[in-house]
Amino acid sequence: MSLNMLKQEIIEYSKTIGIDKIGFTTADPFVELKERLRTQQQLNYQSGFEEQDVDKRTDPKLIMPEAKSIISIALAYPSRLKKTPKNEKQNRRGLFASVSWGRDYHVVLRERLIKLEAFIKERVPLAVTKSMVDTGELSDRAVAERAGLGFVGKNCSLITPEFGSYVYLGEMITSLPFPPDEPILDSCGSCNKCVEACPTGALVQGGQLNAKKCLAYLTQTKDFLPDQYRDTLGNRLYGMDKCQIVCPRNQNKNFYLHEEFEPNPELAMPPLKPLLKISNRKFKETFGTVSGSWRGKKPIQRNAIIALAYFKDETALDDLIDVMKTDPRPVIRGTAAWAIGKIGGQKAILALKTMETVENDEEVLQEIKKGLAIAKNKLTKESPSRS
Ligand code: SF4
C-alpha cells in the first residue's frame, strides 16, 4: 500500500474515532519557532512549565531518531455553558476557563492517538511512533500550523477555519514519510482585538506572549500572586480566555461534539466558600478529572480567596479568618489576610490586628499589614468622621 493511500485511510479512520481535524507534516526542524523560542528565553517571557531544551522542542529527530513525519490532530471543545449556575450573593462562584471543562483533554487526546497508532501499526507493523499532547517536547501549535490545521493568531492560539481556536491539539511523530499537507494561507490581518483586550498587556505585538504576565499562567502558580494582578484576576480559578472570547474568528463557535468535553456547570463554576477548606481527598474526588487540577488544590484555593475579595463577600469573612489563623501554608494564610482587608469592616480589622501579634512568617506578616492598611483606608473613606 502506498503511503498516500495509507494517509487517506488514516484520514477516514480518524473521522470514525472522533478526531475533528487531522493534518500531516514533515519531521523537518521548526526553524522559525527556534528563533522565536530563543527570543522568548532571552526576554524571560517563558512560563517555566515548558521543555527548556529549545533544540529538542524544535527538532523532532532529537526526540525520535527515526522521525519522518508528524500527524497533527485537533478536537473541538465547547466555549459556552448550556446552563450557567447562578452566582448569588450568599454563594459566590469561581470560574474555570473552557479549556478545563469536561474530562482532561490530555487523557482524551492520548486515547485517540493510541487508537490511531494501533491503526497504523496494524498496517505497517514496523512503523515507529511517538505521541504527545501539550506536555511533550514539541509545540502542538507549530506542528498543527505546518500541518495545515489553522494559523497561529496574535493571541498565540491556533485558529482553525471550522472551530476557531476552541480546539485541543496533539500529535504523533512517525517513522513513515507521509506526503505533507500545505499550511493554510490566513492571518489576523489588521485586527488587534486580543492584544488590546488583554488586561495585563501579556500579548506583545507580533504574536508573542509574555507568559509571566499572562493571567492564564498566573492562575497556575503556587506562590503569592503579585499585587498588581490580584484585582484583575476577578473570579478566575483556572485559566483565562478573554483573548479567545474577543476574537472575531471565534464568534458563534461553540461545539458540543464530544461527550467527554461536556462541562459539568458545578465544576466549571464551583461555589467559592467550600474550596477554602476542601480536603485533598475531596478535591481529588471532585476536580481530579479536569485539566485545571493538574497543579493541585493550592493555586485554586489561593485564587478562590482572591475571588472572594473581588466579590467583597462578607459572608466569607469568618471562614477567611479561620483560614488566616489555622492554614499551615503561608501563601494561603497571607492571601486570606489580604482578602480580609479587602472585604473590610471592624471585625476584619480586629482579626488582622490580633494575627499581627502572633504570626511568625515574614511574608504573611506583610500581607497582614497590607490587609490592615486597605481595611483602615476603606473605613476612613466610608466614615471620614471616625478617622
Ligand atoms: Fe487575530 Fe484579531 Fe483573533 Fe487576535 S482577536 S487572534 S488579532 S483575529
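Criteria and cut-off values
As a convention, each chain's residues are numbered from 1 in the sequence order in which they are written. Totals for whole chains, interfaces and linings use every residue, but because this is a predicted model, local features are given only for residues with pLDDT of at least 70 and side-chain atom pairs only at 80 or more, for both listing and counting. With hydrogens and water excluded, all non-hydrogen atoms of the structure serve as input to the side-chain values. Numbering of helices and strands starts at the N terminus; helices are DSSP runs of H or I of at least 4 residues and strands are runs of E of at least 2. Each radius of gyration reported is based on C-alpha atoms, and the globular scaling rule is 2.2 Å times the count of residues to the power 0.38. The rule is simple: take the accessible area with a 1.4 Å probe, protein chains only, and divide by the maximum for that residue type; under 20% is buried, over 50% is exposed, in between is partly exposed. We call a residue near a molecule or strand as soon as one heavy atom of that residue lies within 4 Å of the molecule or strand. Note on residue classes: Ala, Val, Leu, Ile, Met, Phe, Trp, Tyr, Cys and Pro are nonpolar, Asp, Glu, Lys and Arg are charged, and everything else, Gly too, is polar. A cavity here means a set of points on a 1 Å grid, drawn over the protein atoms and nothing else, where a 1.4 Å probe fits but cannot get out; a pocket is an open set with protein on both sides within 12 Å along at least five of seven lines, and a residue lines either one if it has an atom within 4 Å of a point. Grid points are joined across faces, edges and corners, and a volume is the space filled by probe spheres set on the points. Two rings belonging to Phe, Tyr or Trp (six-membered ring only in the last case) form a pair when the distance between their centres is within 6.5 Å. Interplanar angles under 30 degrees mark stacking, angles over 60 mark edge-to-face geometry, and anything in between is tilted. When the NZ atom of lysine or the CZ atom of arginine is within 6 Å of a ring's centre and also within 35 degrees of its normal, the charge is said to sit over that ring. Within this scheme, the nonpolar core is defined by two criteria: the residues are buried Ala, Val, Leu, Ile, Met, Phe, Trp, Tyr or Cys, and they are joined through side-chain atoms within 4.5 Å. The contact criterion used throughout is that any non-hydrogen atoms of two residues lie within 4.5 Å. Between Lys or Arg on one side and Asp or Glu on the other, a salt bridge is scored when a side-chain nitrogen of the former is within 4 Å of a carboxyl oxygen of the latter. Whenever a nitrogen or oxygen atom comes within 3.5 Å of another N or O atom, the pair is scored as a polar contact, on the condition that within protein one atom can donate a hydrogen and the other can accept it, and that pairs from neighbouring residues in sequence are kept only if both atoms are in side chains. Between N-to-C directions, angles cover 0 to 180 degrees, with each direction set by a line fitted to C-alpha atoms, over the stretch in contact for helices. Reported orientations rely on four angle classes, namely roughly parallel under 35 degrees, roughly antiparallel over 145, roughly perpendicular from 65 to 115, and oblique for the rest. Here a crossing is taken to be left-handed if its near helix is turned anticlockwise relative to the far helix by less than a right angle, and right-handed if that turn runs clockwise. Any two strands are treated as partners once DSSP identifies two or more bridges connecting them.

**Student:** Tell me about the overall build of the chain, residues and numbers included.
**Tutor:** Helices and strands together make up the secondary structure of the chain, namely 18 helices and 10 strands. Against the 2.2 N^0.38 benchmark of 21 Å for 387 residues, the chain shows a C-alpha radius of gyration of 24 Å, consistent with a compact globule. Each principal axis of the C-alpha distribution contributes one length, and for the chain these read about 85 × 40 × 40 Å. Taken across its 387 residues, the chain has 53% of its residues classed as buried.

**Student:** Residues and numbers for the site of the ligand, please.
**Tutor:** For the ligand, the full set of nearby residues is G153, K154, N155, I159, C188, C191, N192, K193, C194, C247 and P248. Taken together, the residues that form the shell around the ligand break down as 6 nonpolar, 3 polar and 2 charged.

**Student:** Hey, could you go over the environment of G153 for me, with residue numbers and the actual values?
**Tutor:** As for its position among the elements, G153 is in the loop between β5 (151-152) and β6 (158-159). For G153, a relative accessible area of 4% puts it in the buried group. Along the sequence, G153 and S165 sit 12 residues apart, while their C-alpha atoms lie 8.9 Å from each other.

**Student:** Tell me about empty space enclosed by the protein, and name the residues and values.
**Tutor:** In total, this model carries 1 cavity of 30 Å³ or more according to the counting rule given. Considering only enclosed or pocket space, the largest cavity measures out at about 40 Å³ in volume. Around the largest cavity, the lining residues are F96, S100, W101, G102, N264, L267, A268 and V290. In the lining of the largest cavity, the residues fall into 5 nonpolar, 3 polar and no charged.

**Student:** Break down the packing of aromatic side chains for me, with residues and values.
**Tutor:** Under the counting rule described, the total for this entry stands at 11 aromatic pairs. Ring pairs connect the aromatic residues Y77, Y105, Y166, Y168 and F261, which therefore count as one cluster. Between R230 and the ring centre of W338, over which it is positioned, the NZ or CZ distance is 5.1 Å. Over the ring of W294 we find R295, and its NZ or CZ is 5.4 Å from the ring centre.

**Student:** Give me the lowdown on the layout of surface pockets, citing residues and values where you can.
**Tutor:** For the second largest pocket, the calculated volume is near 270 Å³. Lining the second largest pocket are 19 residues; nearest its centre among them are S79, S98, Y166, D241 and I245. Counting residues per element, the lining of the second largest pocket draws most heavily on helix α10 (residues 242-245), at 3 residues. For the lining of the second largest pocket, a count of residues per class yields 7 nonpolar, 7 polar and 5 charged.

**Student:** Describe the nonpolar core, with residues and values.
**Tutor:** Taken as a class, soluble globular proteins show a tendency for nonpolar side chains to be buried jointly. Core analysis: the largest hydrophobic core is formed by 61 residues, its most contacted members being F287, I305, L320, M324 and I340. Leaving out residues up to four positions away in the same chain, L320 has contacts with L276, I305, L308, A336, A339, I340 and I343. With 26 residues, the next largest nonpolar core counts L109, A127, V133 and L176 among its residues.

**Student:** Explain the pattern of salt bridges to me, using residue names and the numbers behind them.
**Tutor:** Oppositely charged side chains are able to pair whenever their charged atoms sit close together. This model, assessed by the stated rule, comprises 24 salt bridges. For D318, the salt bridge is made with K347, and the minimal N-O distance between the two is 2.5 Å. One end of the pair, D318, is in helix α15 (residues 317-326); the other, K347, is in helix α17 (residues 346-358), with 29 residues separating them in the sequence. A single network of salt bridges, built from pairs that share partners, joins D227, R230, E367 and K370.

**Student:** Break down the side chain of D327 for me, citing the residues and quoting the values.
**Tutor:** With respect to the helices and strands, the residue D327 is situated in the loop between α15 and α16 (330-343). Judged by its relative accessible area of 10%, D327 falls in the buried class. A polar atom in the side chain of D327 sits 2.8 Å from the side chain of R329. In this view, D327 contacts D322, I332 and R333; residues no more than four positions away in its chain are not counted.

**Student:** Quick rundown of the environment of R57? Include the residues and the values.
**Tutor:** Among the structural elements, R57 can be located in helix α3 (residues 54-58). C-alpha of R57 to C-alpha of S139: the two residues are 82 residues apart in sequence and 6.7 Å apart in space. Once you skip the residues sitting within four places of it in the chain, R57 turns out to touch L33, L37, Q46, E50, E51, E137, L138 and S139.

**Student:** Could you give an account of the packing of α17 against helix α18 (residues 362-382), naming the residues involved and the relevant values?
**Tutor:** Axis angle and axis distance: for two packed helices, these are the angle between their axes and the distance between the axes, and together they describe the pair. For the pair α17 and α18, the least separation of the axes is 9 Å and the interaxial angle reads 150°. Classed by the angle they form, the pair α17 and α18 counts as roughly antiparallel. In this structure, α17 crosses over α18, and the sense of that crossing is left-handed. On the side of α17, the interface is formed by Q346, I349, L352, K353, M355 and E356, while α18 contributes L365, I368, K369, G371, L372, A375, K376 and L379.

**Student:** Now, about the sheet that holds strand β7 (residues 167-174): what can you tell me, with residues and values included?
**Tutor:** Here 4 strands make up an open sheet; going across it, the order is β1-β2-β7-β4 and the pairing antiparallel. Looking at the sheet topology across the chains shown, the edges are occupied by β1 (21-26) and β4 (129-132). Direction aside, the axes of adjacent strands within the sheet are offset by 20° on average. Helix α1 (residues 3-16) rests against β1 and β2 (69-76) of the sheet, and its axis sits at about 150° to β1.

**Student:** Give me the lowdown on the packing of α15 against α16, citing residues and values where you can.
**Tutor:** α16 packs onto α15 with a crossing angle of 145° between their chain directions and a minimal axis gap of 8 Å. Handedness of the α15/α16 crossing: left-handed. Within the contact between the two elements, α15 uses L317, L320, I321, V323 and M324 and α16 uses I332, R333, A336, A337, A339, I340 and I343. Considering only residue class, the contact of α15 with α16 consists of 11 nonpolar, no polar and 1 charged.

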